[in-house]
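Structural description and commentary
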Amino acid sequence: MTQGEKLFIDGQLQEAYDVLLREASEGSGRAMYLLGEYAKHGYIAPADKKLAKRYAEEGKKAGDVLAALNVGYASRPGTLTQKRIFRQYMPQVEALAKTGDVLAMYEMADVYRVGLVRKANEKKRWAWNKKCMKAGLWQSRIRWASHLIFDQTLAADMGADGEALLKEIAEEPKASAGEAARLLAEHYLFQQDFKRSFYYSELAVRWKNIWGWFYLGLHYAYGYGVKVDLIKAENALAKAYDWKSECAGDAAALLGEVLLETTPKRGIAWLRASVKLGNVQGMFSLGCCLQDGRGCKQNIEMAEELLEKVFAFHGYKEEEAAQRLALLAMDAERYGAALKYTVVAAKSGRPEILVQLAQLYHVEGDFKEALFWYKKAFDMLPSGSLADQIALCCSLMDEMKESAVWVKKAAELGSPLGMLHYAQYLLDTLSDTADASEPFHWFKSCYDAKADPQMPEDMQRSIRGEAANMAGMCSFWLGDQEEAKAWYQKAYDMGDVYCLINLGNGALQQRPPQPEEAIHYLKEAWERGEEIFEDQAKGDIASQISAAYRMKKDWMNAFHWANQAAALDNETGMIDLGMMHLYGNGTPVNHDEGLRWLVKAYEKKGPQAKDVANYLGIFFQEIGDMAKAEEWYKRSAALGSDWGMMNLGLFYQHGLYGEPDLKRAKEWFEKAIAVHGDAEADVRAELEKGSACPEIHDDPPKEAAREEIDLKSLYMPWLADMKWKK
């Protein structure tokens, strides 16, 4: 063992350095190996990887197997050259270590720590390290003490105290004390014992330990144990960077982050310097700046490239990088990639990331997985909005009972959307809308709910508008017309479109009706609902507008809107259009066209089909086609129309198609009465004219009979405004 080697093992790094230079000049391969270690780790002078490699190559030529091993480490990873060097020299290093060569034993410990030459093995690593400690190698003592600090279980089992051992080394009058001091500075920093951390940072600096400068800069930058002093922080971190050791990249990254607040351009320059050194923190920080446009021009492509490198490194910034990459992927609508990154980001356990993961599974259609993550987030941070999402997932999986449970929970937790959905659920399950008090309570609560800061304002207005509209409908069913109108007006103020229909219909139902007001609201609903309403709703609106114009006797506009409604397959629109063609209101008389629309309305078999059939019976009776009249009356009666039954009874009573048949007439009158509908009073009045059967009047006035039938049988009050035109 050479003199320089002995001094190095003892931790007298400055003294050893001078001797090793002399020994190397004399051709000592071991001295060249150690000088390479100095250059690689920056023990005395700034780190210089090129110089370290050159010393290793010279040492290899001089026959030192440890230097040869370092040449392998310095080669490109995974190349044939590296594999050949390891294969050739590793057995020689191991053999040398077994002879008791201290530095060879230390290399063996490193081999099992790194896992590059051989598979990582902690047991073998510490076995070799223990041998080095017995031989007095300063590095192995520090490593063991550091390991005990971070593995308290092992320290307790062995009855050892890593902290005390590091303190002992730190107080020794050797340069190795600097490494012990910097480890203590790091340890106390994590313990948030900032005063002790600052003390050992200063001690490490006195021993020219580069990490000491880094931690000193960290303390001054963030005021850990001292007052914030950005000038001192910059000076300390710049010195750490200038040595180009392992901490240079961290120093540049930290300095960049510090300067971003005061001089953004300089901050970005330091971050770029850290990236050149392959520093992960620097890559992450610069990627964030490029993504956010902070201190530099926004560059999403470059930001994504840097964050991808951080993600691929699988280090301590992996989850944060994954979250940022997920957001970039979502912005670009690459939801598959966003899901991949969010799965990693979710390892952080943060509820908002779990929600994001659930949302992405939701987008991908995996509702079961989405439900799992929503529930996991809810367990951590219960909220009405999460309960809303869980309810939605349950409904999409057809688990309606479970969905109802979560909808109620969302409402009880104060979610406006939850209140709205719960009220709608209650309304849907009501057997009688006259008992709409509980749904009304929740619709009102939704409208009155406090604003949710996480929900867009336009969405909140939309929810409140819908709630107000539904509260109005509940008020209407509860019999309070004035309150209903007040709620519809509140919905209107919130920009709700659906309330316009209710306001319009309400104006038509007033006594007296207000057609102008109805037209105003319904036309606005038509215009604003162009992209919202389905054809069925638009058809209903057009039909109501037509009815309003009919009340005003504005037949041209009434015809126009009836035509719009009929074109949208609206039953009432077809009937109105057919009637207007028959009577020439707003358009020339056209019986064929009128009958075509009425028959089309009947064929829809909608709720008014029985009334249409009844009217067609009347029409054909008026024009003298008794066969068709009887056919349509029968169709009307078959659909349950008491008016159709009554008119069929009158048809047989008067023998309008053949001889009078009082028996059949009575049968139909009795069927009409059994319906207990609007025609019952008229039928009973007809029956009272005779005893066992209706009285047959001799030659009843046809026009009077026609007028009577027109007004009583059609179940269309507005027909009274029509004028029959031949």
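Residues numbered from 1 in each chain as written. Predicted model: local features only at pLDDT ≥ 70, side-chain atom pairs only at ≥ 80, totals over all residues. Heavy atoms only, no water.

1. Considering the overall build of the protein
Looking only at helices and strands, the protein features 41 helices and 0 strands. Taken along the three principal axes of its C-alpha coordinates, the protein extends 145 × 50 × 50 Å. Looking at the 726 residues of the protein, the share that counts as buried comes to 50%. Pairs at least 24 residues apart make up 49% of the contacts formed inside the protein by residues separated by at least 6 positions. Of the roughly 35600 Å² of accessible surface on the protein, a fraction of 52% belongs to carbon and sulfur atoms. (Helix = DSSP H or I, 4+ residues; strand = E, 2+ residues; numbered from the N terminus. Buried < 20%, exposed > 50% of the residue type's maximum accessible area, 1.4 Å probe, protein only. Contact = heavy atoms within 4.5 Å. Areas by Shrake-Rupley, 256 points an atom, 1.4 Å probe, with all protein chains shown as cover.)

2. Some points on the packing of aromatic side chains
Aromatic ring pairs are described here by two measures, namely the spacing of the ring centres and the angle between the planes. A full pass over the atoms with the stated rule returns 31 aromatic pairs. Ring geometry for tyrosine 241 versus tryptophan 270: centroids 5.0 Å apart, planes at 85°, classification edge-to-face. Residue tyrosine 241 is located in helix α15 (residues 230–242), and its partner tryptophan 270 is located in helix α17 (residues 264–276); the two are separated by 29 residues in the primary sequence. Here the two residues tyrosine 241 and tryptophan 270 agree in accessibility, since each one is buried. Relative to tryptophan 632, the ring of tyrosine 602 has its centre 4.9 Å away and its plane inclined at 85°; by these criteria the two rings are edge-to-face. One end of the pair, tyrosine 602, is in helix α35 (residues 591–603); the other, tryptophan 632, is in helix α37 (residues 626–638), with 30 residues separating them in the sequence. We note that tyrosine 602, like tryptophan 632, is buried. Here a set of aromatic residues connected by ring pairs shows up, and it is made of Phe8, Tyr17, Tyr38, Tyr43 and Trp138. (Phe/Tyr/Trp six-rings, centres within 6.5 Å; stacked < 30°, edge-to-face > 60°.)

3. A word on the pattern of salt bridges
All told, the structure shown has 37 salt bridges when counted by the stated rule. Close ionic contact of arginine 182 with glutamate 179 constitutes a salt bridge, the shortest N to O distance being 3.0 Å. Linking arginine 182 with glutamate 179, this pair stays in helix α12 (residues 176–190), spanning 3 residues, or about one helical turn. Note on arginine 182: relative accessible area 14%, which makes it buried. The partner of lysine 552 in a salt bridge is glutamate 516, and the shortest N-O contact between them spans 2.3 Å. Remark: glutamate 516 occurs in helix α31 (residues 515–528) and lysine 552 occurs in the loop between α32 (535–551) and α33 (555–567); sequence separation between them is 36 residues. For glutamate 516, a relative accessible area of 49% translates into the label partly exposed. (Salt bridge = Lys/Arg side-chain N within 4 Å of Asp/Glu carboxyl O.)

4. Considerations on unusual backbone geometry
Following arginine 511, the chain continues into proline 512 via a peptide bond in cis, with omega recorded as 0°. Structurally, proline 512 can be placed in the loop between α30 (498–509) and α31. Of note, glutamine 192 is a non-glycine position whose phi angle comes to about 60°, a positive value. If you trace the backbone, glutamine 192 turns up in the loop between α12 and α13 (194–206). We classify glutamine 192 as exposed; its relative accessible area is 60%. In this structure, aspartate 398 takes a positive phi of about 60° despite not being glycine.

5. Focus on helix α22 (residues 351–363)
Note that an α-helix has 3.6 residues per turn; residues three or four places apart therefore point the same way. Here α22 contains 13 residues, and its C-alpha end-to-end distance of 18 Å stays within 8% of the 18 Å for a straight helix at 1.5 Å per residue. Among the residues making up α22, those that are buried are Ile353, Leu354, Val355, Gln356, Leu357, Ala358, Leu360, Tyr361 and His362. Next to the buried residues of α22 lie α20 (318–331), α21 (335–345), α23 (367–380) and α24 (384–396). Once α22 ends, the next one or two residues include glycine 365, with phi positive near 85°. (Expected span 1.5 Å × (residues − 1).)

6. Considering the packing of helix α6 (residues 80–98) against helix α7 (residues 102–114)
The axes of two packed helices give the description: the angle between them and the distance between them. Remark: α6 packs on α7, axes separated minimally by 8 Å, with the N-to-C direction vectors making an angle of 125°. Classified by the angle their axes make, α6 and α7 are oblique. The interaxial crossing formed by α6 with α7 has left-handed handedness. Each of Met90, Val93, Glu94, Leu96 and Ala97 in α6 lies in contact with α7, whose residues at this interface are Ala104, Met105, Glu107, Met108, Val111 and Tyr112. Residue composition of the contact of α6 with α7, grouped by class: 9 nonpolar, no polar and 2 charged. (Axes fitted to C-alpha atoms, helices over the stretch in contact; angles between N-to-C directions. Parallel < 35°, antiparallel > 145°, perpendicular 65-115°, else oblique. Left-handed = near helix turned anticlockwise from the far one by under 90°. Nonpolar A, V, L, I, M, F, W, Y, C, P; charged D, E, K, R; others polar.)

7. Digging into the nonpolar core
Core analysis: the biggest nonpolar cluster contains 142 residues, and Tyr374, Phe443, Ile541, Leu598, Tyr615 and Val683 have the highest contact counts within it. At 8 residues, helix α36 (residues 609–622) tops the list of elements feeding residues into this core. The next biggest cluster of nonpolar side chains, apart from the first, holds 93 residues, and it includes Ala97, Leu189, Leu216 and Leu254. (Core = buried A, V, L, I, M, F, W, Y, C linked by side-chain atoms within 4.5 Å.)

8. With respect to the state of the cysteines
Throughout the structure, instances matching the rule amount to 0 disulfides. Between cysteine 393, a cysteine without a disulfide, and cysteine 394, which holds the nearest cysteine sulfur, the sulfur-to-sulfur distance is 7.0 Å. By relative accessible area, cysteine 393 is classed as buried at 0%. (Disulfide = S-S within 2.5 Å.)

9. A look at the side chain of serine 636
Locating serine 636 in the fold gives a position in helix α37. Not counting the four nearest positions on each side in its chain, serine 636 is found in contact with Lys610, Ala613, Asn614, Ser641 and Gly644.

10. Quick look at helix α2 (residues 13–25)
For α2, built from 13 residues, the straight-helix expectation of 18 Å at 1.5 Å per residue is met to within 8% by its first-to-last C-alpha distance of 18 Å. Of the residues making up α2, those classed as buried are Leu13, Ala16, Val19, Leu20, Glu23 and Ala24. Here the buried face of α2 lies against α1 (3–9), α3 (29–41), α9 (138–150) and α12. In the segment just after α2, glycine 27 is the residue with positive phi, at about 95°.

11. Here we look at the environment of proline 91
Mapped onto the fold, proline 91 is located in helix α6. Sequence separation between proline 91 and alanine 326 is 235 residues; the distance between their C-alpha atoms is 47 Å.

12. Digging into a positive patch on the surface
A cluster of basic residues, Lys98, Lys130, Lys131 and Lys134, forms a positive patch on the protein surface. Looking at the positive patch, the element that brings in the most residues is helix α8 (residues 122–134), giving 3 residues. With respect to the helices and strands, the residue lysine 131 is situated in helix α8. For lysine 131, a relative accessible area of 44% gives the class partly exposed. (Patch = residues over 30% accessible without salt bridge, like charges linked within 9 Å, V, L, I, M, F, W, Y side chains within 5 Å. Lys, Arg positive; Asp, Glu negative; His and termini not counted. Charge placed at Lys NZ, Arg CZ, Asp CG, Glu CD.)

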